[in-house]
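Structural features, examined
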Amino acid sequence: MSEEKQQVSRRQFLNYTLTGVGGFMAAGMLVPMLRMAVDPVLQESSAGDLANVSLAVEDITNEPQRVDWKIKQVDGWYESEVTKSAWVYKDDNGDIVALSPICKHLGCVVSWEGSEDYPNQFYCPCHDGRYYKSGVNVPNTPPTAALDVYEQKVENGMLYLGSAHPRGEAK
């Protein structure tokens, strides 16, 4: 057997060296970009967390009242404070009902007794949309679905609300 060593030419050596250095430089530039793209996906989501709306259960009556509260919202790396609203009241059984004020027709904001012509109803001024007190849409009016219902819990006598879900959807 011949033990002849294969010589590397100067051109091959420079080619291997530059390819290796270029690969390390490319990896050094791509790894931070890859992490930036993947990192938000790996972050723990705070969606579904319930927020204290600063309303005591004993202050809730049979008459719907508007409740506004703020939550921290994170979009990627941008963090902002968002105001949310709900119509809260106790039904005939004494259960707490928290309805979204967003009309299911075009997304306008509904108000309780917003029209003199339709007392004891939620009213949407955009296209005369109407909902019964329960949040169910009045037939033959523009809304095609009932108002969304907020996820809720009572803790230490205070009301906590989460995200709004369409009626009949699992929470």
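Everything here concerns the structure above.
These numbers were taken from a predicted model, which means no experiment stands behind them.

1. Some thoughts on the overall build of the protein
Looking only at helices and strands, one finds one helix and nine strands in the protein. Its helices and strands taken in sequence order, the protein reads α-β-β-β-β-β-β-β-β-β from the N to the C terminus. Oriented by its inertia axes, the alpha-carbon framework of the protein measures out at about 100 × 40 × 30 Å. The buried share of the protein, reckoned over its 171 residues, is 29%. Long-range pairs, those at least 24 residues apart, make up 42% of the contacts in the protein between residues at least 6 apart in sequence. Summed over its atoms, the accessible surface of the protein is roughly 12,100 Å², and 52% of this surface lies on carbon and sulfur atoms. On the protein, the mean spot of the 15 positive side-chain charges and the mean spot of the 23 negative ones are 10 Å from each other.

2. What to know about the state of the cysteines
Tallying each qualifying case throughout the model produces one disulfide. The disulfide bridge from cysteine 108 ends at cysteine 126, spanning 1.8 Å between sulfur atoms. Because the sign of the S-S torsion sets the handedness, a value of about -105° for the bond joining cysteine 108 and cysteine 126 places this disulfide among the left-handed ones. Linking cysteine 108 in the loop between β4 (96–99) and β5 (111–112) with cysteine 126 in the loop between β6 (122–124) and β7 (129–131), this pair joins segments that are 18 residues apart in sequence. Cysteine 108 gets classed as buried once you look at its relative accessible area, which sits at 18%. The partly exposed category is assigned to cysteine 126, whose relative accessible area is 36%. The thiol of cysteine 103 is unpaired, and the distance to the nearest cysteine sulfur, on cysteine 124, comes to 3.8 Å. According to the relative accessible area criterion, cysteine 124 is buried, its value standing at 2%.

3. Remarks on the pattern of salt bridges
The tally for this structure, following the rule as stated, stands at three salt bridges. Residues lysine 153 and glutamate 155 are paired through a salt bridge, measuring 3.0 Å at the closest nitrogen-oxygen approach. On the accessibility criterion, lysine 153 (34% relative accessible area) is partly exposed. Residue glutamate 155 is classed as partly exposed on the basis of its relative accessible area of 33%.

4. Comments concerning the side chain of serine 85
Here serine 85 is to be found in strand β3 (residues 78–90). Taking the relative accessible area as the measure of exposure, serine 85 reaches 12% and is therefore buried. There is a polar contact of 2.4 Å between the side chain of serine 85 and the side chain of aspartate 68. Not counting residues up to four positions away in its chain, the partners in contact with serine 85 are Arg66, Val67, Asp68, Trp69, Pro101 and Tyr150.

5. A few points about the sheet that holds β7
Spatially, three strands are ordered β5-β6-β7 in an open sheet, and the strand pairing comes out antiparallel. Across the chains shown, the open sheet's two edge strands, defined by having one partner strand only, are β5 and β7. Looking at chain direction, β6 and β7 are connected through three bridges and run antiparallel. Within β7, the residue paired with phenylalanine 122 across the bridge is tyrosine 131.

6. Topic: the environment of lysine 72
Tracing the backbone shows lysine 72 in strand β2 (residues 65–75). Classification of lysine 72 as exposed rests on a relative accessible area of 58%. Through-space distance from the C-alpha of lysine 72 to that of valine 82 is 6.2 Å; in sequence the pair is ten residues apart. Leaving out residues up to four positions away in the same chain, lysine 72 has contacts with Glu79, Ser80 and Glu81.

Rules and cut-offs
Counting starts from 1 at the beginning of each chain's written sequence and moves along it residue by residue. Local features in a predicted model are, by the rule used here, given only for residues with pLDDT of at least 70; side-chain atom pairs are given and counted only at 80 or more, and totals for whole chains, interfaces and linings are based on all residues. Water and hydrogen atoms play no part in the side-chain values, which are based on all heavy atoms of the structure. Under the DSSP-based scheme used, a helix requires at least four consecutive residues in state H or I and a strand at least two consecutive residues in state E, with every element numbered from the N terminus. To sort residues, take the accessible area from a 1.4 Å probe on protein chains only and compare it with the maximum for the residue type: under 20% means buried, over 50% means exposed, and anything in between is partly exposed. Between two residues, a contact is recorded if the distance between any of their heavy atoms is within 4.5 Å. The Shrake-Rupley method, run with a 1.4 Å probe sphere, supplies the accessible areas, and residue values consider only the shown protein chains as cover. Positive residues here are Lys and Arg, negative ones are Asp and Glu, while His and the chain termini are left out of the count. Charge coordinates come from a single atom per side chain, which is NZ of Lys, CZ of Arg, CG of Asp or CD of Glu. By definition, disulfides here are pairs of cysteine sulfur atoms that lie within 2.5 Å. What counts as a salt bridge is simple: a side-chain nitrogen of Lys or Arg found within 4 Å of a carboxyl oxygen of Asp or Glu. Pairs of N or O atoms within 3.5 Å make up the polar contacts considered here, provided that, within protein, one atom can donate a hydrogen while the other can accept it, and that residues adjacent in sequence are counted only when both atoms are side-chain atoms. Two strands pair under a simple rule: DSSP has to find at least two bridges between them.

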